[in-house]
Structure formats: C-alpha cells, structure tokens
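# Structural features, examined
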Amino acid sequence: MEFRARHLLGIEHLSPWDVRIILDLAETYVDLSRGATKHADVLAGLTQINMFFEASTRTQSSFEIAGKRLGADVMNMAMQASSIKKGETLIDTALTLNAMHPDLLVVRHPHSGAVDLLAQKVNCAVLNAGDGRHEHPTQALLDGLTIRRAKGRLQRLTVAICGDIAHSRVARSNILLLGKMENRVRLIGPPTLIPSGAADMGVEVYDDMKEGLEGADVVMMLRLQKERMDGGFIPSEREYYHRFGLDAEKLAYAKDDAIVMHPGPMNRGVEIDGTLADDINRSVIQDQVEMGVAVRMACMDLLARNLRAARAAGEGTYV
Amino acid sequence: MRTVFSNARLIDPEAGTDAPGWMLTGGGTILDQGRDAPPDCDRVIDCKGACLAPGIVDIGVKICEPGERHKESFRSAGLAAAAGGVTTMVTRPDTLPAIDTPEVLEFVTRRAREASPVRIKPMAALTKGREGREMVEIGFLLDAGAVAFTDGDHVVTDTKVLSRAMTYARSLGALVMAHPQDPGLSGGAAATSGKFASLRGLPSVPALAERMGFDRDMALVELTGVRYHADQITTARALPALDRAKANGRDVTAGVSIHHLTLNEFDVGDYRTFFKVKPPLRAETDRLALVEAVASGLIDVISSMHTPQDEESKRLPYEEAASGAVGLETLLPAAMRLVHAGAISLPQLWRALALNPSRRLGLSTGRLARGAPADLVLFDPDAPFVLDRFALKSKSKNTPFDGARMQGRVLGTWVAGTRVYDGD
C-alpha cells in the first residue's frame, strides 16, 4: 500500500493503511530526533509556510522544528496581526501566498472548513493544523503514536475521551482515527459539552466519569475551551472539576495500567489534577509533545514525496 | 388577438386534472378550453403534447434592488423568472434599505413596471427597518400595493410588538408572513444539529427550534386572529403543529422551499457553501416528511426562496459565508424530481406552485379557468439536461444544482397572453 494523499486535511480522508504508514515512518523520526545529529535532508529546497490565523505556541513550534529538522526553509506568518485585519479575504490571502511558491502550507484557522477551502486555491501540499471545531489530524496521529508506543498496539483498546468534546477538533479527529483502527471509544462529559448526534458516531456516551472510565486503557483529557464558549455550558469551573476533572480517585476506575493523555495546554485544577499530570507512571503528556514533532516530520515527508512526484510528472495544478 | 394552444397536455390544479386538450386565450385572459377539435383562430401554437399549466407564483423572491443591484436587478430577476416559468414574483422586503415605507414601495413598483417581463407583487416589511421595534404603516403600504407583510428571516422577538402589529394587520385584513424559528437557539447556526453538523464542526440549531417558533406564532395568531403564512416549514416535527393549527380553524398557511424538498444536509459535503440556506438543510427523514406534506396539502406553497449572492459572499469559510440560493430558473426542474419520483402528481404540484400562493394573496392567477389571466407556462416534463450555473439568467450564479442532472425544460412562458420567454 502506498500513501497517495496530496493534502492532510483531516483523518476522515485517511485509510487505516495511511495511518500505519505515517506512524511507521514517524517511528524513524523519533529515533532521529533522539540522536546526536537531529537532521535529515528530505525537505531540502522546499519552502514551508506556517499560517496561523489563531494563536498557537506548541503546534506552531512543533511544525517549525519538524520542518527545520528535515531541512525545509520554514517561515512563520502570524496572520492575526496581518492583512486579515485589513479586510483581506482568505482566498486573496491564499492567492498572494501562492505566488510565493510555497511547497508545504501548514494552516490553522478559527473556522471549520477554512483549510479545505484554502487547499482548493493553492498549488502546494496543505496540512491542517486545526480548523475551528472540525479536525486536527496531526494531533490525532501523534496521540495514536503515543498510544501505540505505550500500549504496544493501536487496536482493540478502550479509549475514554473526556471533557469539552463539543468544542474540540482534537476529539473529532481522535474519534475518527480510533474508530478506523478498530478501538472502542467512549465520550465522557456534561451533556452540554457533548456534540449533537454523538450517539450516531459509533461511540458510547457517558455523563459520569466513574462509569465511563470503568476498564479504560487510555484516558484522554481535553482542555475546557473557555475562549470558544459563548456562555453557560457549565455552571462553574469548581463544579466541573468536581464532576469531570481527572484525579486519582476517578482514575482508579480505569485499568491499573491506563495511561493519561492531554493535548495541552492544560488547565490544572479544572480538567486535570496537577499531581496526576506530572506522574510519570501514568501521564504520557510529555511523550505526546515529543511524538508530535516526529509525526509532523513524517506527514510532511510523505506529502513532499507526492508533491515532487506530481511535479516531476508535469502536473500543472495541485489539487 | 386570439390564440389557441392546441395539442397540449393541460395541467389544471383547480380541477385536479392532467389531460390532453386545447386552450383559447385572448385579450390577456383565458377564454375557453376543451378536449375536442380546437376552434379556428388567428394564431395557433402547437404544443406538441407538452404540458401547459398556470404560470408559477413564487412567494419570497429576493430582488436585490435597492441596495445590491450587482447581485440581482429587476431586469435580471425578471428574465430568470420568465425562463423558469415563473409569471408572478412575490418579492421580499429584505433589501437595503428595507421596503418599509410607501415611498420605497413606490420605487419597487416603478422599477418592476420598467424592467420586469413578469408580474411583480411586492411584500413590505412588518416593522420599520425590519428591526422588530415598531410596526410599519400597514394601511398606506396596503394602499400602495403590498400583498403581505414580513420581516423576512428576522424573527420579531418582542412579542408585544408582534402582537400589536398582528392585531393592527388583522383589522385591515393584511397577511403576515413569518419565519418560524426560535431566535435564541438558531443564533449563529450554519447547520442542523446532528451527526453531520458535529462531524463538520459547524455551529448548529436543533430542528425543534422551528416548532418552538411556530408554536409561539400560533399562540399569537390565536390571540390576534391575524391571517398568517409561515414562509418555510422545513422539519418533520413542525408538521403536527401546523396540522393542529389548521384543524383548529386558524387562518394559517405554510410554505416550503424547493431546496428543502430536494436536498438534505449531507449534500453540503465538504463545506459547499452554495448549499448554505436559511434555515439550514435538514435530515433526509425531514425531507421525506415534507414531500408527503406537500402531497397531502398540509403544506400549501412551494417556493424558490430565490436569494442571489455574489461569489465573494459565498467563497468564504462555511460559517462566514452568506446564506441563500438562487432558484427562479431551477424551481420547475427541481420540483419535477418529486413528480418523477412518483411522490406527487402534476396537478398536485401546481396547486403548490401556482394555485395556492395565488389564492393566499388574493390574486386571480394560478388557474386555467375562463376569465383568469393568461399567465401560462409550457414545458416538457421529461426533457433531460445538465445544469450549468453560468447559463443562468440571474446575475448571481449561486445554485446548489450546478452540474446536476435535471428533467423538465420550460418551452415558453406567457404573461397576460404575451410571450415573455421562448425556450424552443
């Protein structure tokens, strides 16, 4: 099987084989990143532009490091401060950028579907670094790699995704990815933060942490996205922490060897107990960050191969 | 001059018949019809077995004059209507500025007279500026020719304002058209709550918000006794409430857009903004229930909800993109999908496209009866074609049917006996 995708817009479009190919290649980049010389040349001569229409520290720096380790020329554009404020439309921004001949475009945007729209208008490979509440595919892939390394497999596991599912693109991508890889997915959260139609997505829905965590192999906590809430989803942070915050007592309902994950940044004392987050026996949160760089290296490498092949074949447009 | 349409298949929604025959027109009206040999006449139009039906009366057409003439003008909308077999456009007041004074309405009627080949019956806003604070001069606007009063998709949230406007409208016999929707739940929504909206990560509104809005309106109708028309009923769960209101003898009718009868939420696919309409497309179960409601007569009117939007307002991330689709030219072929699917007969369809809307507005069109205006559409119900949006006569090309295979081609349109479109 071959990886044929031209863009990475979401997990939705990937096959289970695509996922395996990405994760296998990422393993080699974990080794590279841990080595003495953290450098390869597979992206040499290519230009990578990181376009972030929404503030981000970890994802943006992860993509930046990934690109630099593979030898790409990396440029960061802080779009919040730029032409978008002057009223330029997304399409115009895309066309302007396209004229600079980028090869890899990494995009984060506050609106669902915006990255899909952009990918139709530029002539290079596009990676979705998070669009609205839609998808965040590299996060799901790095979570997959972290789980696979910790559990030895990425199938037949019971994974509980807990907290603010409604506003989370991380949750959506993970639901899709874990489902494709044949895992059992549970969503746990207050009903106001569970998206409509969740029951039709092939997942089990719980509004009680203890019930939902029973027998789980993986506990994935999500950040309470206060900035996306237009008021009144939960009565207070302290009640939320009491009912849905992860602490040692609630975690005891999961399997003894269950791992704890969080995409970051964490709100300690809101969705997760600080001590638990730092417990190296249970928490793989730092591993997630490490795997993030490796997975992004793998995604960009694979997309760049397809881009080069298409250009060598003389294809004028890249859609 | 008298004209006879011979060898036609007459679709008569009033009689509920679909039969071969001829029709005689003269002086702008229908003079006679029959099934035997057609009478001798100065001019004979051989219909060659095609369907001859009353011209479509389309409630809720947006013509972007005044304010956004680059999206649609009276001329372009009129040509589009003629090409689509629409002989009367009942226009919306949600222009810039809103049509909320007799003076602005006068502008509309003047422009309509100058530029449009088909009839235009304007609706006026219900409240000034469509802001929901103060009723318009309903009396003056009626005198100036307004056929109904509506704030379009702006729901009047202040029930005191709405009940006063309804009470006042009732005393004048005016028809109020409302958009049944709970404005709190639907604020900012771009999709209907459910699996599709959640997977796409779009802000959504529960389907029940429509019934909530409708139920509130029904209480106000009971209170005021106003003549009421719901612009669009688009969910299965609002239908029992509509049925109840009618059974209770309220003077209530309801419409549905052709898009909600022929498309569902999954057609949006990967954020295709031409499918973004208001209210958002619904589940397939809703669509099926709506088709049945049209067939049974529970839903009275099918309209295009023609809403022109330029490329700039649509080429945006889905949430930010403007709502609405053009529909004047695709109303007939899209509606033919329901006929070809066996869900509805041609006379039933024309009841919803012509007879009912015409009656509700107190017009004399929409019928094939003697003495009715000779507003007619001749069409081939089976002729297949692939829709090319750039071939549309509307200035805006935002149709969800671009590239769709359709059946049903308009061969000719007549308004008051004058041919305004020749599609042969």
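Residues numbered from 1 in each chain as written. Chains lettered and ligands numbered in written order. Predicted model: local features only at pLDDT ≥ 70, side-chain atom pairs only at ≥ 80, totals over all residues. Heavy atoms only, no water.

### A closer look at the overall build of chain B
Per the secondary structure count, chain B includes 13 helices and 17 strands. In terms of overall dimensions, chain B is globule-like: its C-alpha atoms have a radius of gyration of 20 Å, near the 22 Å expected for 424 residues. Seen through its C-alpha atoms, chain B measures out along the principal axes to roughly 65 × 50 × 45 Å. A buried classification covers 62% of the 424 residues belonging to chain B. (Helix = DSSP H or I, 4+ residues; strand = E, 2+ residues; numbered from the N terminus. Rg over C-alpha atoms; globule rule 2.2 N^0.38 Å. Buried < 20%, exposed > 50% of the residue type's maximum accessible area, 1.4 Å probe, protein only.)

### Observations regarding the environment of Met123 of chain B
Residue and element names in this part refer to chain B. Mapping Met123 onto the fold places it in the loop between strand S8 (119-122) and helix H3 (138-143). With relative accessibility at 0%, the residue Met123 sits in the buried group. Once the C-alpha coordinates of Met123 and Arg367 are considered, the two residues, 244 residues apart in sequence, prove to be 22 Å apart. Once residues lying within four places of it in the same chain are set aside, the contact partners of Met123 are Ile59, Gly60, Val90, Thr91, Arg92, Pro93, Ile99, Leu105, Val147, Ala148, Thr150 and Met177. (Contact = heavy atoms within 4.5 Å.)

### Brief notes about the side chain of Ser116 of chain B
Residue and element names in this part refer to chain B. Inspection of the secondary structure assignment puts Ser116 in the loop between helix H2 (102-115) and S8. In this structure the side chain of Ser116 is engaged in a polar contact, spanning 2.8 Å, whose partner is the backbone oxygen of Val118. With sequence-adjacent residues up to four places away left out, Ser116 is seen in contact with Phe74, Gly78, Met89 and Arg111. (Polar contact = N/O pair within 3.5 Å; in protein donor to acceptor, adjacent residues only side chain to side chain.)

### Some words on empty space enclosed by the protein
All names here are of chain B. Scanning the entire structure with this criterion turns up 3 cavities of 30 Å³ or more. When its volume is computed, the largest cavity comes out at roughly 120 Å³. Forming the boundary of the largest cavity are 15 residues, of which His154, Val156, Met177, Ala178 and His179 lie nearest the centre. Of all the secondary-structure elements, those providing two or more residues to the lining of the largest cavity are helix H4 (159-172), strand S9 (175-178) and helix H7 (208-224). (1 Å grid on protein atoms, 1.4 Å probe; cavity = no way out; pocket = protein on both sides within 12 Å on 5 of 7 lines; lining within 4 Å. Points joined across faces, edges and corners; volume = space filled by probe spheres on them.)

### Quick look at the nonpolar core
By size, the foremost hydrophobic cluster in this structure holds 101 residues, and its most contacted members are Met89, Tyr228, Ile302, Leu349 and Trp350 of chain B. Of all the elements, helix H12 (residues 331-340) of chain B adds the most residues to this core, at 7 residues. If you look at the next biggest cluster of nonpolar residues, it comprises 66 residues, including Leu8, Tyr29, Ala125 and Leu127 of chain A. (Core = buried A, V, L, I, M, F, W, Y, C linked by side-chain atoms within 4.5 Å.)

### Describing the UniProt feature "binding site: carbamoyl phosphate" (unreviewed entry) in chain A
Residues and elements named next belong to chain A. Under the UniProt annotation, the feature "binding site: carbamoyl phosphate" (unreviewed entry) is placed at Arg58, Thr59, Arg108, His136, Gln139, Gly264 and Pro265. Residue placement: Thr59 occurs in helix H2 (residues 58-69). Beyond its immediate sequence surroundings of up to four residues, Thr59 is in contact with Phe52, Arg108, Ala129, His136 and Arg296. In this structure, His136 sits in the loop between strand S4 (125-131) and helix H5 (137-151). Among residues more than four places away in sequence, those in contact with His136 are Thr59, Arg108, Ala129, Gly130, Arg169, Val170, Ser173 and Arg296. Side chain to side chain, His136 and Arg108 meet in a polar contact 3.3 Å long. (UniProt positions renumbered as here; feature names shortened; annotations may be inferred.)

### Overview of the pattern of salt bridges
All names here are of chain B. In this structure the tally under the stated criterion is 45 salt bridges over all chains. Between Asp375 and Arg119 there is a salt bridge, with its nearest N and O atoms 2.6 Å apart. Residue Asp375 is located in the loop between helix H13 (346-360) and strand S15 (376-386), and its partner Arg119 is located in strand S8; the two are separated by 256 residues in the primary sequence. Taking relative accessible area as the criterion, Asp375 reaches 1% and is therefore assigned buried. (Salt bridge = Lys/Arg side-chain N within 4 Å of Asp/Glu carboxyl O.)

### Digging into the UniProt feature "domain: Dihydroorotase catalytic" (unreviewed entry) in chain B
In the numbering used here, UniProt assigns the feature "domain: Dihydroorotase catalytic" (unreviewed entry) to residues 51-235 of chain B. Taken end to end, residues 51-235 of chain B is 38% helix and 17% strand, and its two terminal C-alpha atoms sit 32 Å from one another.

### Topic: the sheet that holds S4 of chain A
All names here are of chain A. The 4 strands lie next to each other as S2-S1-S3-S4, forming an open sheet whose pairing is parallel. This sheet does not close on itself; its edge strands, each paired only once, are strand S2 (73-78) and S4. For this sheet the average axis-to-axis angle between neighbouring strands, irrespective of direction, equals 15°. In the sheet, strand S1 (residues 47-52) pairs with strand S3 (residues 104-109) via 5 bridges, with the strands oriented parallel. Within S3, the position partnered with Asn50 by the bridge is Val106. (Pairing = 2+ DSSP bridges. Axes fitted to C-alpha atoms, helices over the stretch in contact; angles between N-to-C directions.)

### Section: the packing of aromatic side chains
Counted by the stated rule, this structure contains 6 aromatic pairs over all chains. The ring centre of Tyr271 of chain B lies 5.7 Å from the NZ or CZ of Arg200 of chain B, which sits over that ring. (Phe/Tyr/Trp six-rings, centres within 6.5 Å; stacked < 30°, edge-to-face > 60°. Lys NZ or Arg CZ within 6 Å of the ring centre and 35° of its normal.)

### Let's talk about the interface of chain A and chain B
Counting from both sides, the interface comprises 22 residues of chain A and, opposite them, 18 residues of chain B. Considering only the surface of chain A that becomes buried against chain B, His111, Ser112 and Ser196 of chain A emerge as the three largest contributors, covering 28% of it. Counting across the chain A and chain B interface gives 1 salt bridge. Notably, a salt bridge pairs Glu12 of chain A with Arg200 of chain B, separated by 3.0 Å at the nearest N-O pair. When contributions to the side of chain A that touches chain B are tallied by element, the ones reaching two or more residues are helix H3 (90-98), helix H4 (114-119) and helix H6 (169-180) of chain A. Among the elements that take part in the side of chain A that touches chain B, H4 of chain A stands out by supplying 3 residues, more than any other. Grouping the constituent residues of the side of chain A that touches chain B by class yields 7 nonpolar, 8 polar and 7 charged. (Buried area = accessible area lost by both parts, 1.4 Å probe. Nonpolar A, V, L, I, M, F, W, Y, C, P; charged D, E, K, R; others polar.)

### Here we look at the sheet that holds strand S14 (residues 301-303) of chain B
Residues and elements named next belong to chain B. Taken together, 4 strands build an open sheet; the order of strands is S9-S12-S13-S14 and the sheet is parallel. Sheet topology places S9 and S14 at the edges, where each strand pairs with a single neighbour. Sheet twist, expressed as the average angle between the axes of neighbouring strands with direction ignored, equals 25°. In terms of strand pairing, S9 meets strand S12 (residues 227-230) through 4 bridges, oriented parallel. In the sheet register, Val176 faces S12, and the bridge partner there is Tyr228. Lying over the sheet, H7 contacts S9, S12 and strand S13 (252-257), oriented at roughly 170° with respect to S12.

### Description of the UniProt feature "binding site: L-aspartate" (unreviewed entry) in chain A
All names here are of chain A. In the numbering adopted here, UniProt assigns the feature "binding site: L-aspartate" (unreviewed entry) to Lys86, Arg169 and Arg223. Secondary-structure assignment places Arg223 in the loop between strand S8 (218-221) and helix H8 (237-244). Ignoring sequence-local partners within four residues, the contact set of Arg223 consists of Asp164, His262, Pro265, Asn267 and Glu271.

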